[in-house]
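Architecture at a glance
Single-letter residue listing:
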Amino acid sequence: MLADIHILHKSDFYQIVDFKCLCNICSLTKPEYNRSLCISFIRKGFFEYRVFNGNQEAHVGRLLISKPGYEHTTRHIDNQPDITTVFEFKKDFFEMLKEHYADCSWFLKNNDIHSILLNCSVDADYLHHRILQYVQSKKASGLQIDEMVMNLLDKVMNTLGHPHNVLSIPENLKKYHLPAIETAQEYIHKHFSENISLQQLSQYCHTSAFHFSRIFKTILNMSPHQYLLGIRLQHAKILITTSANPIGDIAFECGFNSLEHFATAYRQQFKVSPTQHRRELV
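These lines cover the structure that appears in this document, whether it is placed above or below. Owing to the predicted nature of the structure, the values given are computational and were not obtained by experimental measurement.

Bringing helix α6 (residues 178–191) into the picture now. Here α6 is 14 residues long and its end C-alpha atoms lie 20 Å apart, about the 20 Å a rise of 1.5 Å per residue gives. Among the residues of α6, those classed as buried are L178, A180, I181, E182, A184, Q185, Y187, I188 and H189.

Here we take up the sheet that holds strand β6 (residues 54–59). What holds strands together in a sheet is hydrogen bonding between their backbones, with the strands either parallel or antiparallel. Taken together, four strands build an open sheet; the order of strands is β3-β8-β5-β6 and the sheet is antiparallel. The two strands at the open ends of the sheet, each matched to only one other strand, are β3 (32–34) and β6. Here the average twist between neighbouring strands, direction ignored, is 35°. Taken together, the four bridges between strand β5 (residues 46–51) and strand β8 (residues 70–76) define a ladder with antiparallel strand orientation. Across the sheet, residue R50 finds its bridge partner in β8, namely T73.

If you walk through the whole model with that rule in mind, you get ten salt bridges. For the salt bridge of E48 with R75, the shortest nitrogen-to-oxygen distance reads 3.4 Å. Placement of the pair is E48 in strand β5 and R75 in strand β8, with a sequence separation of 27 residues. Judged by its relative accessible area of 8%, E48 falls in the buried class. By relative accessible area, which is 27% here, R75 ends up partly exposed.

Definitions and cut-offs
- Residues numbered from 1 in each chain as written.
- Predicted model: local features only at pLDDT ≥ 70, side-chain atom pairs only at ≥ 80, totals over all residues.
- Heavy atoms only, no water.
- Helix = DSSP H or I, 4+ residues; strand = E, 2+ residues; numbered from the N terminus.
- Expected span 1.5 Å × (residues − 1).
- Buried < 20%, exposed > 50% of the residue type's maximum accessible area, 1.4 Å probe, protein only.
- Pairing = 2+ DSSP bridges.
- Axes fitted to C-alpha atoms, helices over the stretch in contact; angles between N-to-C directions.
- Salt bridge = Lys/Arg side-chain N within 4 Å of Asp/Glu carboxyl O.

And the structure:
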């Protein structure tokens, strides 16, 4: 299998890998052996991850968790090679993980389940992109990246520990419209502080506003506004808990046009006001 693989960051217990498949035809890889716990965020493309007890179709809006010690193959679908961020955790760390997250033992300790596909939550997606930005720009210390990775791992494990349902997506949407949602996600992550309209976003993705809104919600299980709001709130939470910037400045920096709207949305999301959240950390 042709691929461009780069280790973006390496720590004592994990490494972050940027994986870009270079295949331009549908193909099935040779069997590969998984030696670490991998959490894969699919940024672009569409592939089928095959293990002996089932297949998972991975694309934007999904994350794939695969356990060490198992063989798998990968098949690309509709000539859409993937670009994926892979967090690989060492095997001894995986053993500690199994004991720490008891709610996830149904998956982590079950030898009959080799991998699982989850819906990617907004908070996990935001943190994944933030880590990716930091390691690519080399702006953060190793300790800071370690803390963000542990935070991301906790979010993923909490999702795994609760009932989940990965909705089936119509074949025509997977075949023709995944690139539009990939483009929209990338645009939102870069411009979330701006006043983004549905018309602006759909035009950027070269589709009608009505059609774009429908396919976005079908693929990501939320509306474009809900996704944008989630990204803004996650960024605001980081600033509130790690900086001394005034709450009002943070609200406007994250794209909110009024402090009242920001405070209401923040309280609904995190069950605490921005001011109270900061006080709790003092």
